[in-house]
Every structure is written in structure tokens, then in C-alpha cells.
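Inside the fold
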Amino acid sequence: MSGGLDEAQQVLKQVREIASKPLEQARAMPPAMYTNKDIYRLEQNRLFRMSWICLGRADAIAEHGDYLTFTIAEQPVVAIRQKDGSVRAFANVCLHRMMKLLDGSGNCRRIVCPYHAWTYDIDGRLIGAPQMQKTEGFNPRDHRLSEIACELWHGWVYVSLDADARPVAELLRDLAKVVDRYRMEHYVEVVTQDHVWDTNWKLLTENFMESYHLPIAHRQTVGAWFPVDETAFPEQWHPHFTYETFTKNEDATYGLAHRSNTVLEGEWRRTSVMPTVFPTHMYVLAPDHLWYLTLMPKGTGQVHVRFGAALAPEVLDSLEDPKGFLEETVGFFDKVNDEDRFVVEGIYKGALAPLSQGGPLSWMEREIHDFIRYLAASLDPDNAVG
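This write-up is about the structure you can find in this document. Model, not experiment: these values are computed from the prediction.

Okay, the pattern of salt bridges next. Pairing between side chains of opposite charge can happen when their charged atoms approach one another. Per the stated rule, a full pass over the model turns up 14 salt bridges. A salt bridge links Glu 43 to Lys 202; the nearest nitrogen and oxygen atoms lie 2.7 Å apart. Here Lys 202 lies in helix H6 (residues 201-209) and Glu 43 lies in helix H3 (residues 37-48), a separation of 159 residues in the sequence. For the pair shown, Glu 43 and Lys 202 are each scored as buried. One salt bridge in this structure joins Glu 345 and Arg 341, with 2.9 Å as the shortest N-O distance.

Structure follows, in C-alpha cells:
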């Protein structure tokens, strides 16, 4: 189901109507919001090319020359730790014949194009171009990779294709008040994985941000430790993020403060925060660990999923068998991801069905309503598809 321009305009009108209602009267978005190709193109232009996108954890690129890559709205980007300790981001495309330069993550002293060996310093300067001496007027010093806005926030690496984007710290000021107590910038990443799932990016975003499904879809993993009635949400709507807090039972394997944690007190020692930074950065921040997703759509029916997990430093310091613990922990979160993949790929199949429609939202899906309000505001109500 690809739909068309008229369908997209009608669907966005419905989304604005849903967004205008209080949660008690709200519904899920119509199926075409996930399948219409014109809406997808609009999202690329007005969300992904205009927003801050998380590439991953800053501690994953701790040493100079360490890099992370991602593709944002068809633009390959790379973030690289510099010799002075800063992190800068560049267009990950050679200036010669547009070859993609780097893949995945790693470390490099120089960036060497795999096509013709044009070579760049990690600060983006072109420092070598074989067999170009006979090209009239060519000087390597006149060329450097296009720099992309890059900021670090509480241990996360954010980049934006919008050179005029407001600072991340400004947009997330109110979220910082909630997460500061955990000091997550000190958490240590222990796993990063990249996958492609067969679903629409918004279905995965909505799934991660709500805990309504935890006792059912995750009954074999995290759902077993989740007291539903203790879920709480912020009092006001925030245009750039949303979150919820929830607690874990005292017998939970994960999600409780380590005995060496002297910072968190009272109920915060068993409370987790689950923020979504719009459009696609989601994480569960617990006293002992965090795990996250950052997404990039690959059309209406596929999404690149970057998954990672990190542990609080006192947890790592206390491990007698780090390898065994990490294998068990990563295996656990792999099971959680498999449970999520099953449902979000199933929902996309349902969205393609001609008789499908979105139903009323639960109070526990407050964040989905926040997300719908974000989409309605961001996709330009005065020029819905243009």
C-alpha cells in the first residue's frame, strides 16, 4: 500500500485531529500513517533532515581516531574523536567520486577512500590525492569534508544535518533535570548491534516508549518485574521529548541500584526512566544499566535499528566473572529485542491490511499521544504535503 498525495493529506488531517484531543479521547494513528510513501518522504525532509539524531554512546569513541557511522535521510555521516578530545562529524562521502568512506565503527589514523585512495585527516582535511598533480589548479588544501553539527549530551553523540539546529542541551533542559541523578555519562557501553527490521520506524518508536505491552509481550523477560500501577508520566507535554518512570520489584535481576551506588536514594534506587528524544532516540535508564535504540527508516517498511547497552561503573567494578556476566546480560537483552521485533513486524503486517484501523489508547500509552502531537506539529499543518 503506497497511497498518494491526497491520501497523505487526509491522513495528516486525521493525525492533527487525534493530537488535538485529550488522551482520554485519543486513538492510535491510521494505518496509512505507516505505509504512505508521501508521508515517508515528508518525514525525511521535515524530521530527519531537521532534527538531532543520536549515533550512539560517546564512550564508544573514547580514543582519538575512534569513529561511529550512520546514514541520516540518505546522507552517510561519521563522528570521529579528535586529537584534542572533541568529537566532530562529517559527511562520510569522498569529495572525488562520492564513494562512501567508512562503514560501521572502528579506529583510523587517516580516512582513506577505498576507491581511489584520496586521503583525509580525521579533522576532515584532504591530505592526499594520488595522480592529481596534472589536474590544473588542484590543491588538496582547498578541499575538506563537509562538517555536520555534532554535540555531546550526557554521554550521547548527537548529530544534525541542520546547521542552525538549536543546541541539544537547550532542547533537553527539562529532561536533564530528570536524568541527572543517574550520572549516565559515566555508564560504560558493553554491546552495540546493528539490525534491519521489517517494520515502519514509527511502530518501533511507539512500541519502545510505552510499557502497556511489557507484562504481555515481555512476560518471559522484563515484564515479570514490572508493577503496572507505579508507572508515572510528566505533568506537561514537551515538544522535543517524552518519558515515563517505572519501578522494578526488589527481586528483579536488572534495574536495581548496586549496593556500591551511593548517589541514588529511596525509591530512585529501584526506579527507571524511559525517555524518547524525538524522533528516534529511545532508552531505558536504570540505576544499574541502560539500553537504547536509535533508528533510521529505510523506506516505509524497513528500519535500521542500532541497539546498545551500558552498565553503571560500580556494576562493572564488582564483577568477578565479567565475560560470563556480559554474555548473560547481552543474551537477556537479545531476547527482549526478539520479543519486540515479533510484535512490531506483526503490527506492520496488520497496518497493510485493508480492514485495519487504530483503536483507542490506554492511559499507559500517554507517550504515544505525546509522539502523535510531535508528529502533528513537526509535519507542518499549514502545508501538510509539499
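Next up on the list: the nonpolar core. Grouped together as the largest cluster of nonpolar side chains are 67 residues, with contacts concentrated most on Met 33, Leu 55 and Ile 72. In this structure Leu 55 touches Leu 68, Phe 70, Ile 72, Val 77, Ala 79, Val 157, Val 159, Thr 294 and Arg 306, once residues within four positions along its chain are discounted. Listed in part, the 29 residues of the second largest apolar core include Trp 52, Leu 175, Ala 176 and Val 277.

This part is about the packing of aromatic side chains. Applying the stated criterion to the full structure yields 14 aromatic pairs. Considering the side-chain rings of Trp 291 and Phe 307, the 6.1 Å spacing of their centres and the 70 degrees angle between planes classify their relative orientation as edge-to-face. Linking Trp 291 in strand S15 (residues 289-297) with Phe 307 in strand S16 (residues 303-311), this pair joins segments that are 16 residues apart in sequence. Taken as a pair, Trp 291 and Phe 307 share a single burial class, namely buried. Three or more aromatic residues joined by ring pairs form one cluster here, namely Phe 48, Trp 201, Phe 278, Phe 371 and Tyr 374. When the ring centre of Trp 156 is taken as reference, the NZ or CZ atom of Arg 57 above it lies at 4.6 Å.

Orientation of H6 relative to helix H10 (residues 366-378), taken along the N-to-C sense of each, is 140 degrees, at an axis distance of 9 Å. For the pair H6 and H10, contact is made by Trp 201, Lys 202, Thr 205, Glu 206 and Met 209 and by Glu 367, Ile 368, Phe 371 and Leu 375, respectively. When its residues are assigned to classes, the contact of H6 with H10 shows 5 nonpolar, 1 polar and 3 charged.

Parameters at a glance
- Residues numbered from 1 in each chain as written.
- Predicted model: local features only at pLDDT ≥ 70, side-chain atom pairs only at ≥ 80, totals over all residues.
- Heavy atoms only, no water.
- Salt bridge = Lys/Arg side-chain N within 4 Å of Asp/Glu carboxyl O.
- Helix = DSSP H or I, 4+ residues; strand = E, 2+ residues; numbered from the N terminus.
- Buried < 20%, exposed > 50% of the residue type's maximum accessible area, 1.4 Å probe, protein only.
- Core = buried A, V, L, I, M, F, W, Y, C linked by side-chain atoms within 4.5 Å.
- Contact = heavy atoms within 4.5 Å.
- Phe/Tyr/Trp six-rings, centres within 6.5 Å; stacked < 30°, edge-to-face > 60°.
- Lys NZ or Arg CZ within 6 Å of the ring centre and 35° of its normal.
- Axes fitted to C-alpha atoms, helices over the stretch in contact; angles between N-to-C directions.
- Nonpolar A, V, L, I, M, F, W, Y, C, P; charged D, E, K, R; others polar.

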